[in-house]
Amino acid sequence: MNWLITHSPALLILLPLLAAFLMPIIDKINKKARNIFAILIFIIVEILVIILAFDIIKNGMHVYAIGEKNPLQTIPSQAAVPIRIVLQIDAMGIFMGLISATVCLAASLYSLAYIEEGKGKGKFYTLLLLILVGMLGMEFTGDIFNLFVFYEILSIASAALIAYSRKGEASEGAFKFLVISSISALFILFSVALFYGQYDLLNIAALAKNMKYTHLDKIALALLVSAFAMKCGSVPMHFWCPDAYSVAPSSITATLVAGSQASLYALFRVCFTLYGVKLDLQLIGGALIIFGLLSMFVGVTMAIPQKDIKRLMAYHAISQTGYMLLGVGAGLYLLGKPEFDSYGIRAMEGGIFHIINHAMYKGLLFLTAGAIFYRLKTRNLNEMGGLAHKMKYTSIFFIIGALAIAGVPPFNGFASKLIIYESVYKISPILSIIAMLVSILTLASFVKVFHSAFMGPKIHDVEEVPKSMLIGMCVLTFVIIFFGLFPGFIVNNLVHPAAMALAEQAKYLQAIGG
Amino acid sequence: MIYNIPFFTVIALIAIGMYAVIFKRNLIKIAIGISIIESGVNLFLITLGYREGGIAPIFTNLPPDITPADIPEKMVMPVPQALTLTSIVIGVAVLALILAFIMRIYKEYGTLDAREVRRLRE
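What you see is a predicted model, and the numbers here were worked out from it, not measured in a lab.

Novice: Is there a simple way to explain the pairing of strand E2 (residues 86–89) of chain A in this structure?
Specialist: If a strand is regular, its side chains alternate between the two faces of the sheet. Residue and element names in this part refer to chain A. Here E2 shows two buried faces, one formed by Val86 and Gln88 and the other by Leu87 and Ile89. As paired strands, strand E1 (residues 62–65) and E2 are joined by four bridges and run antiparallel to one another. Bridge assignment links Val63 to a residue of E2, and that residue is Gln88.

Novice: What is the right way to look at the packing of aromatic side chains in this model?
Specialist: Geometry of an aromatic ring pair is reported as the spacing of the ring centres plus the angle between the planes. Residue and element names in this part refer to chain A. For the structure on display, the rule yields 22 aromatic pairs over all chains. Relative to Tyr374, the ring of Tyr114 lies with its centre 6.1 Å away and its plane at 35°, an arrangement referred to as tilted. Note that Tyr114 is positioned in helix H3 (residues 91–114) and Tyr374 in helix H13 (residues 338–376), a separation of 260 residues in sequence. Exposure class is identical for Tyr114 and Tyr374. Each is buried. Relative to Tyr275, the ring of Phe195 lies with its centre 6.3 Å away and its plane at 55°, an arrangement referred to as tilted.

Novice: When you look at a nonpolar patch on the surface in this model, what are you seeing that I'm missing?
Specialist: Residues and elements named next belong to chain A. On the surface, a nonpolar cluster with roughly 600 Å² of combined accessible area is contributed by Phe478, Ile481, Phe482, Leu485, Phe486 and Phe489. Among the elements that line the nonpolar patch, the one with the most residues is helix H17 (residues 467–485), at four residues. The exposure class of Phe486 is partly exposed, given its relative accessible area of 43%.

Novice: Would you take a moment to explain helix H15 (residues 412–427) of chain A for this structure?
Specialist: One full turn of an α-helix is made of 3.6 residues, so residues set three or four places apart face in the same direction. All names here are of chain A. Between the first and last C-alpha of H15 there are 24 Å, a value that for 16 residues agrees with the 22 Å anticipated at 1.5 Å per step. Listing the buried residues of H15 in full gives Asn412, Gly413, Ala415, Ser416, Lys417, Ile419, Ile420, Tyr421, Ser423 and Val424. Contacts from the buried residues of H15 go to helix H12 (309–334), H13, helix H14 (392–406), helix H16 (429–454), H17 and helix H18 (487–503).

Novice: Whenever I open this one, a positive patch on the surface confuses me. Can you help?
Specialist: Taken together, the side chains of A:Lys28, A:Lys119, A:Lys123, A:Arg166, A:Lys167 and A:Lys377 define a basic patch exposed on the protein surface. Relative to the helices and strands, A:Lys167 resides in the loop between helix H5 (144–162) and helix H6 (168–199).

Novice: What is the right way to read the interface of chain B and chain A from this model?
Specialist: Bring the parts together and some accessible area is lost; that lost area is often taken as the interface size. Taken residue by residue, the interface counts 36 residues in chain B and 36 residues in chain A. Interface of chain B and chain A: buried area, both sides summed, is about 3100 Å²; carbon and sulfur atoms make up 81% of it. Our enumeration of links across chain B and chain A arrives at zero salt bridges. Taken together, the connections running from chain B to chain A amount to one residue pair in polar contact (both at pLDDT 80 or more). Listed by contribution, the elements that provide at least two residues to the side of chain B that touches chain A are helix H1 (5–23), helix H2 (27–49) and helix H4 (78–109) of chain B. The element that contributes the greatest number of residues to the side of chain B that touches chain A is H4(B), accounting for 16 residues.

What counts and what doesn't
Residues numbered from 1 in each chain as written. Chains lettered and ligands numbered in written order. Predicted model: local features only at pLDDT ≥ 70, side-chain atom pairs only at ≥ 80, totals over all residues. Heavy atoms only, no water. Buried < 20%, exposed > 50% of the residue type's maximum accessible area, 1.4 Å probe, protein only. Helix = DSSP H or I, 4+ residues; strand = E, 2+ residues; numbered from the N terminus. Pairing = 2+ DSSP bridges. Phe/Tyr/Trp six-rings, centres within 6.5 Å; stacked < 30°, edge-to-face > 60°. Patch = residues over 30% accessible without salt bridge, like charges linked within 9 Å, V, L, I, M, F, W, Y side chains within 5 Å. Areas by Shrake-Rupley, 256 points an atom, 1.4 Å probe, with all protein chains shown as cover. Salt bridge = Lys/Arg side-chain N within 4 Å of Asp/Glu carboxyl O. Expected span 1.5 Å × (residues − 1). Contact = heavy atoms within 4.5 Å. Lys, Arg positive; Asp, Glu negative; His and termini not counted. Charge placed at Lys NZ, Arg CZ, Asp CG, Glu CD. Buried area = accessible area lost by both parts, 1.4 Å probe. Polar contact = N/O pair within 3.5 Å; in protein donor to acceptor, adjacent residues only side chain to side chain.

Below you can see the structure in the form of structure tokens.
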């Protein structure tokens, strides 16, 4: 058991990566074995992440130097700085890892029936595993160049899956996605070069320790923030989001949401850990708050007139990203001041709690949209109607997801939004007024979707979707209800350590020693 | 001044690439723009690792007149080269995927003009 916990950071990246390359071979041998193998890998990864999470919450941060005989020794005896590739997982990293693993597990179960046989299903699972590798790698790595590499793995695998249906629209969405991703990846690479030129270091903790905040560092900060903000779909650079989200297969859209949150995590990691208190906190925190407010408002107002159900949900994804930016930006704004301890940390908890909640309910909503598409073959809301007569379970899942995203108690969206309202009110009441207004508009647009898709007379003679799709949705629904019923338990045990891990830069720097 | 020429080249390459990506309508030209930006970033990385009169960073194959003591001044830095290699490999994969998408778009839409390839925006 000890051996497993020590090596699990490397195993978590290694297992899905190896499985991805085995997948085409197993696909050639037997179709059924391939499905079982894929699901098994996702379940094993989920279990490993949970074991690691328990250990990290109990015993603190994990470091793992790849290739070292003793993987806990991050600085080799002949050197003074960490020159090996180091995986460093704190409470925030494992928190994001839990999100990625859970969403990928639900997506893989859902895809069993949703993706038809004979359309390259083996390749589908290969790419889904690579997405998981990319997300986990971005969240676990302690090395800024590897952040770039895993970011590219995530982008390439996601782009290939967005174009999965091989229609013209799918290629168009994937093209936009890939152009945005590769440009933002080149921004990251350029700032890695700026860091390496100044400090001869690539390790995040060692860089943060030596950070002098020169002009070049400021340029690198601007490049990194714009790259990650572009990729997480915050407003001035959000235009790729609805295009890519609406054309991808629904299970992939759910994982894309988790993927954009991995870049959100990278944004927070750069702001809090790499630059930390040396940063001009008011400026960057204020910028994040403004990005957040704009995203919230523009996302929700663009969502209301949409006719395409997945496009509508994609605009809501932008608006929900705004809540996370608002919460964590407020924390960054107050970091280092006495007010931080009283309500800054609460704001960060709200923002971080919203990340996991959003991944769960937005994933669920995209999966229900996929269930509708699976039966009706259309995404246009005007062609739907009366689905609740036959697709009972799907409509129940949709109601739960819609109530959760609108922030209605007792579902999980309410818990995190309440924390955000309360804590940002102390900074400025206008912030929480806008946040509440956006929630009301969200509820309004989901009432519209529910009414036009599920209510009314029975006009389509459809059946309920296959069982494996229901199981996939059920996994996420279970998490939503559980989080909604016991928010205090989750905040104390999972979210508070994650927020503290971001805020306490010194602990992250100590963990590599030296 | 003369030593700064590679850095000016980097700036020029990135600016030309950004111009192509933002203002050009032809999808192939956008792909070329991304490729040019990438060359600029790679050149920047390589320039950082360069030492004047440097030798290849292979410890087992040192020229006879070099002693281990002056390795830090004489050897070029190996890490930027490793980073550049990785970035080139990734760049090839991205470019191949972009060109594949452009091919599919051309088959479906019959055009490469970005103004006409916008069926998604209703």
